[in-house]
Amino acid sequence: MTEVEVKKTQESLQDRLAQVVELLQRQRVVEDLTHRQEGPHQDRVENLVHRQNLVELQRKLDDLHSADVAYILEALPLDDRLTLWQLVKADRDGDILLEVSDSVRETLIADMDDHELLAAAKEMDADELADLAPELPRDVVHELMETLDGQQRERVRSALSYDEDQVGALMDFEMVTIREDVSLEVVLRYLRRLKELPGHTDKLFVVDYEGILKGVLPIKRLLVNDPDKQVAEVMASDPVSFHPDEDAYDAAQAFERYDLISAPVVDKNGKLIGRLTIDEMVDLIREESESEVLNMAGLREEEDIFASVWKSLRNRWAWLAVNLITAFIASRVIGLFEGSIEKLVALAALMPIVAGIGGNSGNQTITMIVRAMALDQVSTGNTSRLMRKELAVGLINGLVWGGVIGVVAYLLYGSWSLGVVMTAAMTLNLLLAALMGVLIPMTLARLGRDPAMGASVMITAVTDSGGFFIFLGLATIFLL
């Protein structure tokens, strides 16, 4: 899809969202007007208008892809969201629940009866059920498991036995397997008998009679080779494969590195137990990226933008409390130099510049380090070199931009010594920002925490307090 086509699709989706919002608003206005009118036909008019709006909304929903309906639901306030959710056809509930964000899914599930949840879940594959099961009521999950056949039940239990960040939790069980001792013609006849191929099937998996993976047969090789050839002659015998207990994000990086669409998942004995597909990897990368952005801002979890005030407060309180403490520490640092500020008022005007530039530089360093750690580019062998490089960048930036602001300070206040102090303070604070920008995410990772968790809050606290202390301390020593 070209950039223009993507833009048109996005514009169309935005237009449909606007149309849905307009219909919901129109419905509220009409209902309000009919409530104000009195007469023998009031109820009949109200029901007629109500049904007309709902039919139009239903028609628009039917024309939309499940992912687009999910997007619209996420963009609506809770009351409108639930109104629209009631209009979604029951056979589409499962697909849409899998598309919406976790926080929005919670509100939709809370609005559904047990029989509605069961009906939606019965349309899902084993891997999809495993994704949804942790958020369903326990009695619904129990009843749902009873309705599955033995193979499906075992697959769901297998997927649920892995952590959400492991390959086993994301693998798909729908795949096509073949033997290596048959001809391509036999494989083609076998495929024609199937009603349809599983989604994202770019290769067939070659196994022996015990289910051990022997290789993969890409569809393009199947189509372009002589039908009389044996599968063993054409297949790739060294495919990229994964184990179910591997880190899912490492698998996603492998998909990106090798341009994979699907890949086999094998157990420790080499037996084929599932596959990974590109759609799951794209979702994982997107979720990881969103989580990283939220963590750097100090948010503990994804937040529904229309969530209740109390829920939003709980999500934001923790790091706001930390920020309050660090801000208080910074104010106490300033308090130590109240006498100096009283004697030289220019210090009050200039000290935010030192702290602000330090915070910006520190955030740049942290962003680079967190990205490098996510790509496994940081190891014990290159940490010291990375530290020296960032300190060198901080030193040069400090001397250059500190020199610029030093000249500005001299021109504004006519004091060359104040300019020198400004340059020195800027350089030292940028060195501090570079040092902490490397140490903070690495320390968090060593403690088993997300290296991005609250990193932005912490680096700002350090550079603010450190910047104030360095600048006011130098000014006190050399100017007063």
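- Under the annotation held in an unreviewed UniProt entry, the chain carries the name Magnesium transporter MgtE and is attributed to Pseudomonas mucidolens.
- Entered under Sequence similarities (unreviewed entry) in the UniProt record, the comment concerning the chain runs "Belongs to the SLC41A transporter family."
- Under the UniProt heading Subunit (unreviewed entry), the entry covering the chain gives this text: "Homodimer."

### Details of the domain arrangement of the chain
Move 1: Segmenting the chain into domains produces domain 1 (13-166), domain 2 (177-277) and domain 3 (309-479).
Move 2: Averaged C-alpha coordinates put domain 1 and domain 2 at centres separated by 36 Å.

### What to know about the packing of aromatic side chains
Move 1: Tallying each qualifying case throughout the model produces 2 aromatic pairs.
Move 2: Centroid distance Phe 242 to Phe 255: 6.1 Å. Interplanar angle 20°. Geometry classified as stacked. Taken together, the residues Phe 242 in the loop between helix H14 (231-234) and helix H15 (248-258) and Phe 255 in helix H15 connect sequence positions 13 residues apart. Residue Phe 242 shares its accessibility class with Phe 255, and that shared class is buried.
Move 3: Ring centres of Phe 337 and Phe 469 lie 5.9 Å apart, and the angle between their planes is 70°; on these two criteria the pair is classed as edge-to-face. Of this pair, Phe 337 sits in the loop between helix H17 (309-335) and helix H18 (338-343) while Phe 469 sits in helix H22 (residues 455-478), and the two are 132 residues apart along the sequence.

### Section: the packing of helix H3 (residues 66-74) against helix H4 (residues 78-87)
Move 1: Relative orientation of the contacting elements H3 and H4 amounts to 155°, with a least axis distance of 9 Å. Relative to H4, H3 is oriented roughly antiparallel. Counted together, Ile 72, Leu 73 and Glu 74 of H3 and Arg 81, Leu 84 and Trp 85 of H4 form the full contact between these two elements.
Move 2: When its residues are assigned to classes, the contact of H3 with H4 shows 4 nonpolar, no polar and 2 charged.

### Notes on helix H19 (residues 346-374)
Move 1: Taking 1.5 Å as the rise per residue, H19 with 29 residues should run 42 Å; its terminal C-alpha atoms sit 43 Å apart, in good agreement.
Move 2: Taken from the residues just after H19, Asp 376 is the one with a positive phi, measuring 60°.

### Structural notes on a nonpolar patch on the surface
Move 1: On the surface, Leu 395, Ile 396, Leu 399, Val 400, Trp 401, Val 404, Val 408, Leu 412 and Tyr 413 cluster together to form a nonpolar patch covering roughly 850 Å² of accessible area.
Move 2: Within the secondary structure, Trp 401 sits in helix H20 (residues 383-413).

### Thoughts on the UniProt feature "transmembrane region" (unreviewed entry) in the chain
Move 1: Sequence positions flagged by UniProt for "transmembrane region" (unreviewed entry) are, in local numbering, residues 317-337, 349-370, 391-413, 419-440 and 452-479.
Move 2: Measuring from the first to the last C-alpha atom of residues 349-370 gives 33 Å, for a span that is 100% helix and 0% strand.
Move 3: In the segment residues 391-413, helix accounts for 100% and strand for 0%; the C-alpha atoms at its two ends are 31 Å apart.

### Comments concerning the packing of H4 against helix H6 (residues 102-110)
When two helices pack together, you describe them by how their axes are tilted relative to each other and by the distance separating the axes.
Move 1: One can describe the packing of H4 onto H6 by two numbers: an axis separation of 10 Å at closest approach and a directional angle of 60°. As for how H4 packs across H6, the hand of that crossing is right-handed. Counting all contacts with H4, which are made through Leu 78, Arg 81, Leu 82 and Trp 85, the residues of H6 involved are Val 104, Thr 107 and Leu 108.
Move 2: Looking at the contact of H4 with H6 residue by residue, the classes come out as 5 nonpolar, 1 polar and 1 charged.

### Thoughts on the sheet that holds strand E3 (residues 213-218)
Move 1: The strand order E1-E2-E3 describes an open sheet built from 3 strands, whose pairing is mixed. Because the sheet does not close on itself, it has two edges, and the strands there are strand E1 (177-178) and E3.
Move 2: Sheet topology places E1 next to strand E2 (residues 203-207); 2 bridges connect them, and they run parallel. Opposite Thr 177, over in E2, you have Phe 205 as the bridge partner.

Cut-off values and rules
Residues numbered from 1 in each chain as written. Predicted model: local features only at pLDDT ≥ 70, side-chain atom pairs only at ≥ 80, totals over all residues. Heavy atoms only, no water. UniProt positions renumbered as here; feature names shortened; annotations may be inferred. Domains from an automatic or database assignment. Phe/Tyr/Trp six-rings, centres within 6.5 Å; stacked < 30°, edge-to-face > 60°. Helix = DSSP H or I, 4+ residues; strand = E, 2+ residues; numbered from the N terminus. Buried < 20%, exposed > 50% of the residue type's maximum accessible area, 1.4 Å probe, protein only. Axes fitted to C-alpha atoms, helices over the stretch in contact; angles between N-to-C directions. Parallel < 35°, antiparallel > 145°, perpendicular 65-115°, else oblique. Contact = heavy atoms within 4.5 Å. Nonpolar A, V, L, I, M, F, W, Y, C, P; charged D, E, K, R; others polar. Expected span 1.5 Å × (residues − 1). Patch = residues over 30% accessible without salt bridge, like charges linked within 9 Å, V, L, I, M, F, W, Y side chains within 5 Å. Areas by Shrake-Rupley, 256 points an atom, 1.4 Å probe, with all protein chains shown as cover. Salt bridge = Lys/Arg side-chain N within 4 Å of Asp/Glu carboxyl O. Left-handed = near helix turned anticlockwise from the far one by under 90°. Pairing = 2+ DSSP bridges.

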